[in-house]
Amino acid sequence: MSNSIGHNVTLLSLKHQSKVNLRSKQKNSSVIFNKQFYGNSLKSFNNNNIISEKFMGSQKFCFVARAVLAADPATQQAARYNLDGGIELQVTVTPMQSGCKVEIQATNTNDDNLVLHWGGIRDRNNKWEIPSHKPAGTWVHNGALRTPFEKSGSSSSLNIDIDDPAMRGIEFLVFNEARNIWFKNNGNNFHVKLPARNEQHQSITVPEDLVQIQSYLRWERRGKQMYTPEQEKEEYEAARAELQEELSKGVSVEELRARLKKGNGPSESNSRSSDAGEVKVQHGSKTGDKIPEDLVQIQAYIRWEKAGKPNLSPQKQLKEFEEARKELQMELDKGTSLEEISKKIAKGEIKTKVAKQLKKKKYFSVERIQRKKRDLVQIINKYVVEPGTKKVSTEAVPKALSEVELFAEAKGAQDGGIIEKKKIFAFADKKLLVLVTKISAKTKILVVTDFLEPLTLHWALSKKGSEWLPPPSNILPTGSVSLEMAVQTPFGSVTSDDPQQQFQGQLVEIEIEGEDFVGMPFVLVSDGNWIKDSGSDFYVDFRPRPKMKDAGDGSGTAKSLLENIASLESEAQKSFMHRFNIAADLISEAVDAGELGLAGILVWMRFMATRQLIWNKNYNVKPREISQAQDRLTESLQNLYTSQPQYRELVRLIMSTVGRGGEGDVGQRIRDEILVIQRNNDCKGGFMEEWHQKLHNNTSPDDVVICQAVMDYIKSDFDISVYWKTLNENGITKERLLSYDRAIHNEPKFRSDQKEGLLRDLGHYMRTLKAVHSGADLEAAISNCMGYNDEGQGFMVGVNIDPVPGLPSGFPASFFYFCVHFVSELLQFILEHIEDKNVEPLLEGLLEARQELRPLLSKSEHRLKDLIFLDIAIDSSIRTAIERGYEELNKAGPEKIMYYITMVIENLALSSNDNEDLIYCLKGWDRALDMLRNKNDNWALYAKSVLDRTRLSLASKAESYQRILQPSAEYLGSLLGVEEWAVSIFTEELIRAGSAASLSSLINKLDPVLRETANLGSWQIISPVDAVGWVVVVDELLSVQNKTYSQPTILVAKHVTGEEEIPDGAVAVLTPDMPDVLSHVSVRARNGKVCFATCFDSTILSDLQAADGKLLRLQATSSDILYTEVNESELKGANSGDTSDGPPPSLSLVKKKFSGNYAITSEEFTSEMVGAKSRNISYLKGRVPDWVGVPTSVALPFGVFEKVLTYGPNKGVEDKLKTLKKELEGGDFGVLEKIRITVLELVAPPQLMQELETKMKSSGMPWPGDEGEKRWEQAWMAIKKVWASKWNERAYFSTRKIGVDHECLCMAVLVQEIISADYAFVIHTTNPSSGDSSEIYAEVVKGLGETLVGAYPGRAWSFVTSKSDLDTPKVLGYPSKPIGLFIKRSIIFRSDSNGEDLEGYAGAGLYDSVPMDEEEKVVLDYSTDPLINDDKFRQTVLSSIARTGSAIEELYGSPQDIEGVVKDGKIYVVQTRPQM
């Protein structure tokens, strides 16, 4: 019954233990059963009334029940099902006097065509029958009934009344008539069991614990057979029915409970004969029945444990039960009482014989966990820190200053001077604040506290580090007493002078002359007790910041924090205690600096963890002091994780560099236990003594490696090369061993008789070392969270770690197959399978564990850090497992690789602050897998788009890490003298250590498979032009767009956004980036006869990059590029765009004049007033088919900008522009931005406002000013931005390149109402890639078209349609753009220059179109988009777009470049122009 109680109860074990502990004092617990002894068929039950009171008092087990299926069988039954498309189906059965009522509701559906296809089931006959009573609107169809659902909002529902008492159930399917889709229950009919007549009248609810016991007894009677989940549920409900029948006869609950206690539950009234495959078990003699089942279960468990926890078949499991029963029966036959047998079991005194073959097998380990189905949207994180911002507070108001801080600040203000340092310490429940101010050549130190009991400051001064030097006698405050190396000064009482402050406290004021001293160490004395700072002296550093050399300017970093870290590094080098305490002190300053501050802490800690910094320098520190310092730092990080969720990713990375630490004896055991190991194993000299001295002096993470190396050496029968192999593989060389303050010179040498004891004791010692140093070690992290009791096998002090509150624990995972998804069982599963060669089940278990941990991580728990360390450890194990599985994937097909990709993306998403894009990538991969499994012809094409989007997401994450971390690594690395190689690869190595690197490897493995399957080849040809030129490799096309190459050049550019210009002299641009075929740069390339292509093959791309400086010939087809090296003799005349015979002919513009109107309607559009964009949109009105919409337009005509400049209040702007233009003419291109900013200072003439309002209202357009002055100001700013775009760099250099007089370029502004589009498209009515005029080519994006024509990464939908068959569009590519732009109802102001009218010049897209309101950026989820999922919808929309292009081309009589949108299925055209 592996899942029968899954609909009724969930069992959680609450205490982890490695063996059955029968000595526990816990009372009133219950027995938990092992799934393997019961096959797949046992669900545990509350057996409180079967087990004797004395025996129950010895148990340490309990479970918690949680209802999932609706509760009271006397009133209602309910079930929920999740259907495809996010639809949820709920079925409720309510008993009525005359029968019962079945209510079926479908939610989250927009369909109004759902039909229930159903029939009734009588008795055990599974044939569908038609009930006598049918709901209204029902009709008979092929022996079944069909009842339509009634639609209401996003839900649909129907009711069925059943009045036939013989009807025991109904079966049904849900059918969508319009779309011809059947919804099934995992491929089967949905089945609803109807309550029997006696159940309908039952008024007493059966206690759930009795149902569980009865179901167990039924299972036992049937031979403990294995059931399917459906059978389990059926058996459970049958047990309930039997008990209800007994209660209906007048039997009381108490009587029934007493009978069940004796194992005499009601028998099955209609018991079926044994099915094939059932196992019947005879219990033997009557005396055998006297052994209570609970004792048999525990004895069987002990047998299993002694056998080495092997894996048994169901039949052998039952045999083990019978062997356990026989052993106990033998004791009973000897006259031993049951009570004495219980005691013997507790002491392990029952003789047992375990078959040797059992020891060869692994015990009942679940071979594969069943993953929960989750709504991936529920795990989206959107904790984003904007670049360059300070920390984002999660509180509505700034945190109030404490009374101590308020008093100190007021005191400092009274004294004057500059506050150099403010540091707050906590002790008891009070605060101690130290304020350091500089006044001329004096340093003033104010120490103030709200601690009111008598207090003394025991202090000194230091000239370096934290040394103690006696202060000069002339600076001692009144009442001070000089000691040998320190001074004791009593605190004086103080109250605030401010009547609004009620502060009462104590303070000490110290004033120091000169700059000789750099800091003040101190401790506090109260009532004879010494008060320290987490076991160390308090210390305040008041020296000025050092001037750094050769460290760059620190831009892009928390510079002040990094310099502070550098100034404290000499102190931090003393020991880990010093370093971790300093780090804990700096956390507050780091948080104040925001994201970059925490990045600085991460860089520092990682430099430490990778041994780039000194760990220990001439300082003897106790392990417990290191442990306490670690604990203090990790507590601070834990609190930060809770209070500042936007920094969780950085906090995780910092914690991964630090051990767990811990208060109390956690660290001290490192000292104590090494002595016990030496004593118990007679190994006190040589290597062990040197290691012992190192451990006592300054333990470090190296000791974990040394311990493992020694254990490996012993296990290898004392092969010393194994010892060095383990050390060297983990970065420890002989030189490093000698570099310790307590150097290790000797190699380990042991006798063979010491082997067993050393391995045992070092194994226990490793757990102690990992508890301090390896917070993210998987085994240590699991133990810390699940809890453990290690008695040290009689040789150590013993460890007792309680489970983390809220984390279920208990027996190994194999005890509860049915609830293995709970955390503790998952963790046990992980430990059992962590070394498996087949890593897929392990990966599933690891991910399921992370998912189950996720809600716990969001809570503020006392031991949250243990959960964080566990999550980090599981994350690391996933990466390791993936790498181990690479060999298996080399032989795998695409489905397996894709499945691995989904697991790695899920893991990466669970570690990321902002994971929305990753989650939608994951949903895309799930969709691609479904398409592959369903043999969809386009699966590979769709998967390629998801792969491309995943690549973009990885690139975005890498760029984010580079921006946040690398500047800090470079600046701090320079300050600390870290080796240059370690600094230069810092971010790269951090990324390589994470899941992103694994994901990149997997998609690189899959990419060629998808391209071959989808017939994509290695190239996408955007502009198929043959070319010959010298290869130049550049990082970004943007960086060279204004450059002029003196010889034909083939540019191999790593990054192309789509917005760039093609530089002069370039004959080809080859890139791995994926600009849209209709992007600006693509149009420019085709217009300029420049070869332009995307290369998908990394090998080909590397080959081209290696050809840097060589002369190559490119031969382009519509699908491929061939390249060969040639000599210069082949260069002449080889390029289509060759201009070697002279410069290109210049184009001329005629400057337009102001017409006298500030605004005009579309009926007034002429070539003297507006550009081609406005005129074309006006021309379309009334000429396109009526199913094509054209937005209403007005315009600010040519000359309005120049006229506005002459308006009186704008005189200063006009003069400033004249000056800037002269500087521009002189070659100072930096003034272009200044010109744009100056244009934005213009004031609108009142006449302009009046005319624009009149024209817009007369055209039926909304006037922004009606919504208030602020809305008009937004509109006016948008207009000015359009005018200012005349001076954007791309446009300026483009017109300059063709010899256009920039002063003659005039800008009209086309005003249109924005259509809040579902989709936007661009059509070229002649295929631009092939030049085929019989094909229409189009690209489509979600939302507004700016993501298509602007510099937004990723590809759009692309398709072609033959003009002879517009109803059959062929999809060439699915979308990979991660971002869509959406906007509410608004106005857009479009640029419309006279430069766009020039023949042979693609001037479109150079200037800006600006909406009045800002667009909303939305991360796109394509997996739910009907254009992807609904074939009919896609065919309709794409065909309509193609028909629009065909109609407009026919109207103009020439190929057109058309932009438009789709809203609610209707096509709108917003502009058209001749295709270039």
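Chemist: I keep staring at the overall build of the chain and nothing clicks. Help me out?
Modeler: Scanning the chain from terminus to terminus reveals 44 helices and 46 strands. Out of the 1476 residues belonging to the chain, those deemed buried represent 55%. The contacts in the chain between residues at least 6 apart in sequence include a share of 71% that link residues at least 24 apart. Entry remark: accessible area of the chain is about 63700 Å², with carbon and sulfur atoms responsible for 48%.

Chemist: I keep staring at the pairing of strand β12 (residues 190-193) and nothing clicks. Help me out?
Modeler: Each regular strand displays side chains that alternate between the two surfaces of the sheet. Here β12 shows a buried face lined by F190 and V192 and an unburied face lined by H191 and K193. Where strand β10 (residues 167-176) and β12 come together, four bridges link them in antiparallel fashion. Within β12, the position partnered with G169 by the bridge is K193.

Chemist: Honestly, helix α11 (residues 559-572) in this entry has me stumped. Any pointers?
Modeler: Residue pairs spaced three or four apart in an α-helix point in one direction, given the helix's 3.6 residues per turn. Here α11 contains 14 residues, and its C-alpha end-to-end distance of 19 Å stays within 8% of the 20 Å for a straight helix at 1.5 Å per residue. Most of α11 is tucked away, with 11 of its 14 residues classed as buried. Burial in α11 covers these residues: L561, L562, E563, N564, I565, A566, S567, L568, E569, E571 and A572.

Chemist: When you look at the packing of α11 against helix α12 (residues 576-592) in this model, what are you seeing that I'm missing?
Modeler: Any two packed helices are characterised by how steeply their axes cross, that is the angle between the axes, and by the distance between the axes. It is the contact of α11 with α12, at a shortest axis distance of 10 Å, that shows an interaxial angle of 165 degrees. What the angle tells us is that α11 and α12 run roughly antiparallel. The hand of the α11/α12 crossing is right-handed. On the side of α11, the interface is formed by S560, L561, N564, I565, L568, E569, E571 and A572, while α12 contributes H578, R579, I582, L586, E589 and A590. When grouped by side-chain class, the residues that make up the contact of α11 with α12 number seven nonpolar, three polar and four charged.

Chemist: Sorry, what's going on with the sheet that holds strand β42 (residues 1387-1393) here?
Modeler: Pairing between the strands of a sheet comes from backbone hydrogen bonds, and it takes one of two forms, parallel or antiparallel. Read across the open sheet, the five strands follow the order β33-β35-β36-β42-β43; overall the sheet is antiparallel. The open sheet has two free edges, formed respectively by β33 (1160-1161) and β43 (1410-1411), since each of these has just one partner strand. Strand direction decides the pairing type here: strand β35 (residues 1193-1196) and strand β36 (residues 1307-1313), joined by four bridges, are antiparallel. What sits directly across from A1195, in β36, is L1310. In this fold helix α39 (residues 1246-1258) packs onto β33, β35, β36 and β42, with an angle of close to 165 degrees to the strand it touches most, β35. The strands touched by helix α40 (residues 1269-1284) are β35, β36, β42 and β43; relative to β42, the strand with the most contacts, the crossing angle is about 20 degrees.

Chemist: I would appreciate a short explanation of the packing of aromatic side chains in the present structure.
Modeler: Within a pair of aromatic rings, the relevant descriptors are the distance that separates the centres and the angle that separates the planes. Within the structure shown, the criterion is met by 29 aromatic pairs. Pairing F425 with F538 gives two aromatic rings, centres 4.9 Å apart and planes at 85 degrees, and the pair type is edge-to-face. Residue F425 is located in strand β13 (residues 418-427), and its partner F538 is located in strand β23 (residues 538-541); the two are separated by 113 residues in the primary sequence. A relative accessible area of 0% places F538 in the buried class. With centroids separated by 5.0 Å and ring planes inclined at 75 degrees, the aromatic side chains of F1229 and F1293 adopt a geometry described as edge-to-face. One end of the pair, F1229, is in the loop between α37 (1211-1225) and α38 (1231-1239); the other, F1293, is in helix α41 (residues 1289-1297), and 64 residues separate them in sequence. A relative accessible area of 13% places F1293 in the buried class. Put simply, the rings of F1201, W1263, W1272, W1276, W1283 and W1287 pair up and form one aromatic cluster.

Chemist: Can you walk me through the packing of helix α24 (residues 840-857) against helix α27 (residues 894-910) in this structure?
Modeler: At a closest axis distance of 11 Å, the pairing of α24 and α27 adopts a crossing angle of 25 degrees. In terms of their interaxial angle, α24 and α27 are classed as roughly parallel. As for the relative orientation of α24 and α27, their crossing is left-handed in sense. The residues of α27 that touch α24, namely those facing E840, L843, E844, L847, R850, Q851 and R854, are K896, Y899, Y900, M903, E906, N907 and L910. Considering only residue class, the contact of α24 with α27 consists of six nonpolar, two polar and six charged.

Chemist: Explain the pattern of salt bridges here, please?
Modeler: Side chains bearing opposite charge may pair, as long as their charged atoms lie close to each other. Scanning the model with the defined rule gives 67 salt bridges in all. Measuring nitrogen to oxygen at the nearest pair gives 2.4 Å for the salt bridge that ties E988 to R992. Here R992 and E988 lie together in helix α31 (residues 986-992), a separation of four residues that amounts to about one turn. For E988, a relative accessible area of 40% corresponds to the partly exposed category. The exposure class assigned to R992 is partly exposed, which follows from its relative accessible area of 46%. In this structure, the salt-bridge partner of D1318 is K1463, at a minimum N-O distance of 4.0 Å. Of this pair, D1318 sits in the loop between β36 and β37 (1319-1324) while K1463 sits in strand β45 (residues 1456-1463); the two residues are 145 residues apart in sequence, bridging distant segments of the chain. Assessed through its relative accessible area of 27%, D1318 is described here as partly exposed. Among the ionic contacts, a cluster of salt bridges with common partners joins R371, K372, R374, E848, E852 and E906.

Chemist: What should I look at first to understand the sheet that holds strand β14 (residues 430-439) in this one?
Modeler: The five strands are arranged β13-β14-β15-β20-β19 in an open sheet whose pairing can be described as antiparallel. Every other strand in the sheet has two partners, leaving β13 and β19 (492-495) as the edge strands with one partner each. The mean angle between the axes of side-by-side strands here comes to 30 degrees, regardless of whether they run parallel or antiparallel.

Chemist: Is there a simple way to explain empty space enclosed by the protein in this structure?
Modeler: Which parts of space are left empty comes out when a probe the size of a water molecule is rolled across the atoms. In this structure the tally under the stated criterion is eight cavities of 30 Å³ or more. Each pocket or cavity is described by its volume, and for the second largest cavity that value is around 80 Å³. When contributions to the lining of the second largest cavity are tallied by element, the ones reaching two or more residues are α28 (916-933) and α29 (939-976). With four residues, the top contributor of residues to the lining of the second largest cavity is α29. The residue makeup of the lining of the second largest cavity, split by class, is six nonpolar, four polar and one charged.

Chemist: Quick question: what am I supposed to make of the nonpolar core here?
Modeler: A general tendency of soluble globular proteins is for nonpolar side chains to be buried together. Grouped together as the largest cluster of nonpolar side chains are 164 residues, with contacts concentrated most on W604, M605 and I1441. Looking at which element gives the most residues to this core, the answer is α29, with 16 residues. For W604, the residues in contact, after removing those within four places along its chain, are I565, E569, A572, R579, I582, A583, L586, L613, L972 and L976.

Chemist: Would you mind showing me how to read helix α35 (residues 1172-1180) here?
Modeler: Counting buried positions over the nine residues of α35 gives seven, a clear majority of the element. Looking only at α35, the buried set comprises A1172, K1173, S1174, N1176, I1177, S1178 and L1180. The elements touched by buried residues of α35 are β35, β36, β42, α44 (1431-1452) and β46 (1466-1474). Phi for G1182, located one or two positions after α35, is positive at around 80 degrees.

Here is what the cut-offs are and how they apply
- Residues numbered from 1 in each chain as written.
- Predicted model: local features only at pLDDT ≥ 70, side-chain atom pairs only at ≥ 80, totals over all residues.
- Heavy atoms only, no water.
- Helix = DSSP H or I, 4+ residues; strand = E, 2+ residues; numbered from the N terminus.
- Buried < 20%, exposed > 50% of the residue type's maximum accessible area, 1.4 Å probe, protein only.
- Contact = heavy atoms within 4.5 Å.
- Areas by Shrake-Rupley, 256 points an atom, 1.4 Å probe, with all protein chains shown as cover.
- Pairing = 2+ DSSP bridges.
- Expected span 1.5 Å × (residues − 1).
- Axes fitted to C-alpha atoms, helices over the stretch in contact; angles between N-to-C directions.
- Parallel < 35°, antiparallel > 145°, perpendicular 65-115°, else oblique.
- Left-handed = near helix turned anticlockwise from the far one by under 90°.
- Nonpolar A, V, L, I, M, F, W, Y, C, P; charged D, E, K, R; others polar.
- Phe/Tyr/Trp six-rings, centres within 6.5 Å; stacked < 30°, edge-to-face > 60°.
- Salt bridge = Lys/Arg side-chain N within 4 Å of Asp/Glu carboxyl O.
- 1 Å grid on protein atoms, 1.4 Å probe; cavity = no way out; pocket = protein on both sides within 12 Å on 5 of 7 lines; lining within 4 Å.
- Points joined across faces, edges and corners; volume = space filled by probe spheres on them.
- Core = buried A, V, L, I, M, F, W, Y, C linked by side-chain atoms within 4.5 Å.

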